[in-house]
Amino acid sequence: MIRQSDVDYAEEIIENLSVSDIRRIYADYLLVWVCGSGTGTGHPAGNYYCVLDYKGNTRFIEGEIYGASANAAMIEGFREAVSSVKKPMQMLLLAPCPLGFQTAFRGKGPNAERLQAALEKVKEKGCSLRTSVITGDLIRQFVMAQGGKTQVSRENRYRKMVCDEWVDRVCTLLQENGVDPAVIQKVRQITAE
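Residues numbered from 1 in each chain as written. Predicted model: local features only at pLDDT ≥ 70, side-chain atom pairs only at ≥ 80, totals over all residues. Heavy atoms only, no water.

1. Concerning the overall build of the protein
We count it as follows: Each helix is a run of DSSP H or I of at least 4 residues and each strand a run of E of at least 2, with the numbering of both proceeding from the N terminus. Only the C-alpha atoms count toward the radius of gyration. The rule for a globule is 2.2 Å times the residue count to the power 0.38. Burial classes follow relative accessibility: with a 1.4 Å probe on protein chains only, a residue under 20% of its type's maximum area counts as buried, one over 50% as exposed, and anything between as partly exposed. Per-residue and other accessible areas were derived by the Shrake-Rupley procedure at a 1.4 Å probe size, with only the shown protein chains allowed to occlude residues.
Assigned secondary structure in the protein consists of 7 helices and 6 strands. Going from N to C terminus, the protein has its helices and strands arranged as β-α-β-β-β-α-β-α-α-β-α-α-α. The C-alpha radius of gyration computed for the protein amounts to 22 Å, which surpasses the reference 16 Å derived for 193 residues by more than 25%, pointing to a less compact arrangement than a globule. When the 193 residues of the protein are sorted by exposure, 38% land in the buried category. With an accessible surface of roughly 11200 Å², the protein has 49% of that area assigned to carbon and sulfur atoms.

Right under this line is the structure:
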């Protein structure tokens, strides 16, 4: 079992910093930005999205794990990212939530085996590991942008969903009352922007 001392593990506190601030402060680190989602209705696989970021050079990695929770998917993404490291270096893992490292070092927790496998890779590569949790959308927005994916905030997604629902209701009502189809088509073009 990998112990904290095997990978020189530490937790960093990063608050209220931009991506460029983090890059500047941790200029000598390999930054591993990770986010993900778990299984749910309509998608049986969890997804991970990672960016390896060293001195402004980035590499985007994504994948899916059948039946995985969001944390399990992110851990697998981290392990995949570490697998591509070529030389010993200081690593900083940036995640949107705690992934359970403290309990995994004791061999406990729902993702202890996954974390131990990832830590084994860190040790094998001769790297040291720091982790930090950054809440909010900073990580997701950065990672998705690096992967060429557009990311709509949850607020905007919800607002659009509600607007679309109401436009559909209004159009149905207009149609039931014999309103000119050209008018209904104009109503359908209303969006939540």
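Moving on from the coordinates now.
2. Focus on the nonpolar core
For the record, the criterion: Here the nonpolar core consists of buried residues drawn from Ala, Val, Leu, Ile, Met, Phe, Trp, Tyr and Cys, with membership extended through side-chain atoms lying within 4.5 Å. Contact definition: two residues touch when any of their heavy atoms are within 4.5 Å.
The biggest cluster of nonpolar side chains holds 34 residues, and the ones touching the most others in it are V7, F78, M91, L93, F101 and L129. For this core, the secondary structure elements donating two or more residues are strand 2 (30–37), strand 3 (45–54), helix 2 (70–83), strand 5 (90–95), helix 3 (101–104) and helix 4 (112–124). Looking at this core element by element, the count peaks at 7 residues for helix 2. When sequence neighbours within four positions are dropped, the list of residues in contact with M91 reads Y29, L30, V32, F78, V82, C127, S128, L129 and R130. One finds Y29, W33, V51 and L94 within the second-largest nonpolar core, a separate group that totals 17 residues.

3. Overview of the pattern of salt bridges
We count it as follows: For salt bridges, the criterion is a side-chain nitrogen of Lys or Arg within 4 Å of an Asp or Glu carboxyl oxygen.
Across all of its chains, the model carries 11 salt bridges by this definition. Of the charged contacts in the structure, one is a salt bridge between K55 and D28, with a shortest N-O distance of 3.2 Å. A residue pair is termed long-range when its members are at least 10 positions apart, and K55 in the loop between strand 3 and strand 4 (57–66) and D28 in the loop between helix 1 (19–25) and strand 2 qualify at 27 residues. Like D28, K55 is exposed. Here R114 and E76 are joined by a salt bridge, their closest N and O atoms 2.9 Å apart. Of this pair, R114 sits in helix 4 while E76 sits in helix 2, and the two are 38 residues apart along the sequence. For R114, a relative accessible area of 26% puts it in the partly exposed group.

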